Amino acid sequence: MGDLRTLGAKLLLVGVVNALAVYGLVATYAVRDWGIFVVLLVATAAVDYVYFSRRTLATRYLLPGMLFLLVFQIYVVVYTAYAGLTNVGDGHNLTREQALSHILAVSEKRVPGSPPYRVQVLAGPDGRLHLLATDPQGTTTLDGEPVSGAPAGHRVLQLRDLVSRQQEVLALRVPVEGGSIRTEDGSTGYIARPTLRYAGGQLTDTTTGTVYRATERGFFESDDGRALTPGWREFVGFDNYVRAFSDERLRAPLLSVFAWTFAFALLSVLTTCLLGLVLALALNKEGLRGRGVYRSLLVLPYAVPSFLSALVWTGMLNQSFGFINQGLLGGAEIPWLNDPTLAKVSVLLVNLWLGFPYMFLICTGALQAIPGEVVEAARIDGAGTWQLFRRVMLPLLLVSTGPLLVASFAFNFNNFTVIYFVTGGGPNVPEAPITLGSTDLLISMVYKVAFGGAGREWGFACAMSTIIFLIVAAISAASFRRTRALEETYS
């Protein structure tokens with residue numbers, strides 16, 4: 001009976017997975033996203049094979065984690081790196097065919113003096129849309145063919161349907177003498193004629209004769225530099241990376257941000273680790289009264305969501321009415337968040353407050369894991385307090401906490417939360433060619449490039465994200481190699 005229940009549960013679970021996979025396959029096929037289609041098909045086949053084969057018992061426990069790793073890590077990294085090789089961003093979100101279609105549609109202008117038409121948008125039995133138009137003389141046509149009314153089987157689209165299928169409605173055209181009938185609201189129409197003509201891979205303005213040619217920048221541009229929008233996604237190779245290091249206006253701010261990011265991550269790890277270790281050593285003394293209470297109080301900052309703590313600190317550090325200036329410093333107006341140097345000190349202090357409980361916890365655990373016999377032997381050999389700490393306890397602590405320190409460095413290298421909620425990256429650097437602040441880390445700079453307002457450059461932001469990934473990966477690899485050497489020395 002138990003085997004039947006297990007088989008039934010497995011069939012149900014795999015059935016749900018396959019149902020979702022079929023839905024995903026249909027959706028990706030509809031939008032012609034062949035990359036995701038192939039990956040989804042292979043993943044579904046792998047799930048079915050692994051969970052119904054007797055020879056893949058161990059793989060059943062590994063496959064879910066491998067699939068999540070593939071989707072949420074490897075795919076994200078690979079796609080980000082690919083997007084960094086394109087010009088995707090504001091004005092470059094479409095394919096060339098889509099951009100051309102949009103430009104031609106926008107170029108259509110109403111023919112002067114053309115009469116208005118009463119129109120209805122009909123959905124045929126096959127779901128396709130048709131335009132029923134009635135001219136001022138009362139003649140009714142369906143897609144240009146005379147009719148007496150809406151044919152049987154055709155349904156008039158109401159407002160909700162018109163909104164949901166707006167792009168299809170805007171694309172409707174009925175050729176007539178002098179242009180085409182089109183509608184924008186589904187109830188009135190007019191005769192429009194395009195002012196741009198596409199032929200031979202270029203656009204020509206029929207009124208001025210100006211020629212717009214496709215360029216490598218992803219625009220149709222005229223000889224005098226005027227560009228038609230929108231543009232399209234174009235593969236630009238390593239141009240985004242070259243721009244980051246060769247653009248003279250961008251090079252200095254980028255190097256400054258990189259130096260501050262490295263300093264912020266390193267100082268955050270050092271200060272939080274030092275304070276956490278000191279507190280852990282102080283509360284590791286046997287027989288200390290109230291030790292459990294003290295430890296609980298020290299963990300409280302770690303229990304509060306970091307963004308809430310960051311917002312509280314932002315208010316406390318306010319120059320005009322913050323608690324630190326008004327309550328602790330007697331009404332001083334110290335620009336904690338408005339001066340470039342003080343703003344950096346402020347974010348380091350806030351991050352110290354947020355990070356030391358974590359270091360306190362791992363140092364406490366590492367201290368308690370040190371065998372008491374080792375400490376006792378060192379004391380018998382005549383080691384003093386400082387020698388005991390430096391020669392015995394610290395190396396053993398580094399073996400235990402080394403990987404966590406590396407992880408903490410990687411986390412602080414991309415610590416978006418503190419920067420965003422405390423200073424917003426400010427104070428601003430006015431001479432920078434992009435929106436940039438004195439306390440911006442590389443990750444917050446990337447956020448501003450990608451989502452900071454008009455002119456968002458997602459391709460450039462993806463290139464910078466790839467650079468950040470490579471830097472963190474290289475530093476982490478070197479640090480883990482050093483940690484492994486410590487383990488071999490003190491094991």
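Residues numbered from 1 in each chain as written. Predicted model: local features only at pLDDT ≥ 70, side-chain atom pairs only at ≥ 80, totals over all residues. Heavy atoms only, no water.

Colleague: Could you give an account of the sheet that holds strand β12 (residues 211-214), naming the residues involved and the relevant values?
Modeller: Pairing between the strands of a sheet comes from backbone hydrogen bonds, and it takes one of two forms, parallel or antiparallel. Overall, antiparallel pairing links the five strands, which are arranged β10-β11-β12-β13-β14 in an open sheet. Where the open sheet ends on each side, the last strands, each with one partner, are β10 (196-199) and β14 (227-228). Packing against the sheet, helix α4 (residues 96-107) makes contact with β10, β11 (202-205), β12, β13 (220-221) and β14, and its axis sits at approximately 150° to β10. (Pairing = 2+ DSSP bridges. Helix = DSSP H or I, 4+ residues; strand = E, 2+ residues; numbered from the N terminus. Contact = heavy atoms within 4.5 Å. Axes fitted to C-alpha atoms, helices over the stretch in contact; angles between N-to-C directions.)

Colleague: How would you summarise the state of the cysteines if you had to cite specific residues and measurements?
Modeller: According to the stated counting rule, one finds zero disulfides in the structure shown. Of the cysteine sulfurs around Cys-273, a residue in no disulfide, the closest is that of Cys-363, at 4.8 Å. In this structure Cys-363 comes out as buried when scored by relative accessible area, which is 4%. (Disulfide = S-S within 2.5 Å. Buried < 20%, exposed > 50% of the residue type's maximum accessible area, 1.4 Å probe, protein only.)

Colleague: Describe in detail the layout of surface pockets, supporting the description with residues and values.
Modeller: Its boundaries defined by the atoms lining it, the largest pocket holds a volume of some 810 Å³. Leu-40, Ala-43, Val-47, Leu-67 and Val-71 are the residues nearest the centre of the largest pocket, which is lined by 23 residues in total. For the lining of the largest pocket, the secondary structure elements donating two or more residues are α1 (2-30), α2 (34-52) and α3 (59-83). Among the residues making up the lining of the largest pocket, the classes are represented as 21 nonpolar, one polar and one charged. (1 Å grid on protein atoms, 1.4 Å probe; cavity = no way out; pocket = protein on both sides within 12 Å on 5 of 7 lines; lining within 4 Å. Points joined across faces, edges and corners; volume = space filled by probe spheres on them. Nonpolar A, V, L, I, M, F, W, Y, C, P; charged D, E, K, R; others polar.)

Colleague: Give a detailed account of the nonpolar core, specifying residues and quantitative values.
Modeller: The biggest cluster of nonpolar side chains holds 48 residues, and the ones touching the most others in it are Leu-397, Phe-413, Leu-442, Met-445 and Met-464. Counting residues per element, the ones that place at least two in this core are α7 (239-246), α8 (248-282), α12 (340-369), α13 (372-380), α14 (385-413), α16 (442-451) and α17 (458-490). At nine residues, the largest contribution of residues to this core is made by α14. If sequence neighbours within four positions are ignored, Leu-397 has contacts with Leu-277, Cys-363, Ala-366, Leu-367, Ile-370, Phe-389 and Gly-402. (Core = buried A, V, L, I, M, F, W, Y, C linked by side-chain atoms within 4.5 Å.)

Colleague: Can you lay out the pairing of β11 for me, pointing to particular residues and giving the numbers?
Modeller: Inspection of the sheet shows β10 paired to β11 by four bridges, in the antiparallel sense. Residue pairing for β11: Tyr-198 is matched across the bridge by Leu-203. Where β11 meets β12, three bridges bridge the pair, whose relative direction is antiparallel. What sits directly across from Thr-204, in β12, is Val-211. Hairpin connection between β11 and β12: a loop of five residues separates the two successive antiparallel strands, and Gly-209 in this loop has a positive phi of roughly 80°.

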